[in-house]
Amino acid sequence: PDKVMVMNPAGDLEQVDGIRDKEPAFGLPAKWVDEAQREMAEMAGYTIVDPATIIATHLTEVIKQSAYDLLGRQETQGLLSKLKEKHAQVVDDLVPGLMDVGTVNRVLQNLLRERVSIRNLQSILETLATFGAQQKDLAYLTEKVRFALRRQITESLLGPDGVLHIFTLPSQIEQVLAKSLQQTDDGREIVVDPMIAKTVLSQLIAKCDQVVNMGLLPVLVISPPLRLPMRKFVEKYVSNINLLSHNEISETVKLDSLGTIEIPVGEQAPAAPTT
């Protein structure tokens, strides 16, 4: 409590003396230093964070990670009732005519699971009303809503420089994963050779760690049919990754490619990542 945390997006923390640690919300390399070193750290270009802010940021991230569990049917009904005060027609066109509260709740949970804000509830409901008459599949509806919110999603992932920093899979690996898609009771899922799975997951973990150490959010861009199955494939092991399909990237954003993950094709896969 008597120190401040310093971080450097460039990674170099050698100019200040302190206790080595990791920023708790995002895992960035950091040091706890005495208040007396604050001015020197600021002059060196380091980011300075006080303990209270760290706690608040950490709690915010924990809530974001658990938001989909906290949103039940009753909470969803409350959101609909609140929106109905100003946009009654939007709500009435959807619930209960086209779908029930439970279906809306599950779509909202799907969005929150991937940290997509549901504050623009009007657009979400309008999209569900448009496509809900054609299809009741939750995965289909969720992806349609994501497309409608593409500008919002893209902006939430921009780096400090206002640029979307992305990486991709090697084309041959993406083709292998696409061919491995199988329909299950929970929708389409990637069912691939365990050795390939271990390799892909391990290399994704390494790439995400590299991007986080650069002070950026890890964003993997993948083809639309693979986006949701890939999310299911990686979520237990690579929880900090953000998956975007090509058509979800706003046309106005500036892109910076961080390359592709390195997959040693034909070599023995590394050990499986542990949870």
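Just above sits the structure.
Reading guide: rules and limits
Residues numbered from 1 in each chain as written. Predicted model: local features only at pLDDT ≥ 70, side-chain atom pairs only at ≥ 80, totals over all residues. Heavy atoms only, no water. Helix = DSSP H or I, 4+ residues; strand = E, 2+ residues; numbered from the N terminus. Buried < 20%, exposed > 50% of the residue type's maximum accessible area, 1.4 Å probe, protein only. Contact = heavy atoms within 4.5 Å. Phe/Tyr/Trp six-rings, centres within 6.5 Å; stacked < 30°, edge-to-face > 60°. Lys NZ or Arg CZ within 6 Å of the ring centre and 35° of its normal. Axes fitted to C-alpha atoms, helices over the stretch in contact; angles between N-to-C directions. Parallel < 35°, antiparallel > 145°, perpendicular 65-115°, else oblique. Left-handed = near helix turned anticlockwise from the far one by under 90°. Nonpolar A, V, L, I, M, F, W, Y, C, P; charged D, E, K, R; others polar. 1 Å grid on protein atoms, 1.4 Å probe; cavity = no way out; pocket = protein on both sides within 12 Å on 5 of 7 lines; lining within 4 Å. Points joined across faces, edges and corners; volume = space filled by probe spheres on them. Pairing = 2+ DSSP bridges.

Draft legend 1. View of the side chain of Gln37. Secondary-structure assignment places Gln37 in the loop between strand 3 (29-34) and helix 1 (38-43). Judged by relative accessible area, Gln37 falls into the buried class, the value being 17%. Gln37 has contacts with Val16 and Asp17, leaving out every residue within four places of it along the chain.

Draft legend 2. The arrangement of the packing of aromatic side chains in detail. A full pass over the atoms with the stated rule returns one aromatic pair. Residues Phe131 and Tyr140 carry aromatic rings whose centres are separated by 6.3 Å and whose planes lie at 80° to one another, so their mutual orientation is edge-to-face. Above the face of the Phe147 ring, Arg150 is positioned so that its terminal group lies 4.1 Å from the ring centre.

Draft legend 3. Quick look at the packing of helix 2 (residues 51-70) against helix 5 (residues 101-113). At a closest axis distance of 8 Å, the pairing of helix 2 and helix 5 adopts a crossing angle of 165°. Taken together, the axis directions place helix 2 and helix 5 in an arrangement best described as roughly antiparallel. Crossing angle aside, the handedness with which helix 2 passes helix 5 is left-handed. Facing Lys64, Ala67 and Tyr68 of helix 2, the residues of helix 5 in contact are Gln109, Leu112 and Arg113. Of the residues in the contact of helix 2 with helix 5, the class split is three nonpolar, one polar and two charged.

Draft legend 4. Region of the structure containing the layout of surface pockets. Computed from the structure, the second largest pocket encloses a volume of approximately 950 Å³. Taken together, 30 residues line the second largest pocket, and the ones lying closest to its centre are Leu138, Ala139, Tyr140, Leu228 and Lys232. Of the residues in the lining of the second largest pocket, the class split is nine nonpolar, seven polar and 14 charged.

Draft legend 5. Structural detail: the pairing of strand 1 (residues 3-7). Within strand 1, four of the five residues are buried, leaving the element largely enclosed by the surrounding structure. Direction of pairing for strand 1 relative to strand 3: antiparallel, over a ladder of five bridges. Directly across from Met7, in strand 3, lies its bridge partner Ala30. Of the pairings in the sheet, the one linking strand 1 to strand 4 (residues 47-49) comprises three bridges and is antiparallel in character. Counted as the bridge partner of Met7 is Thr47 from strand 4.

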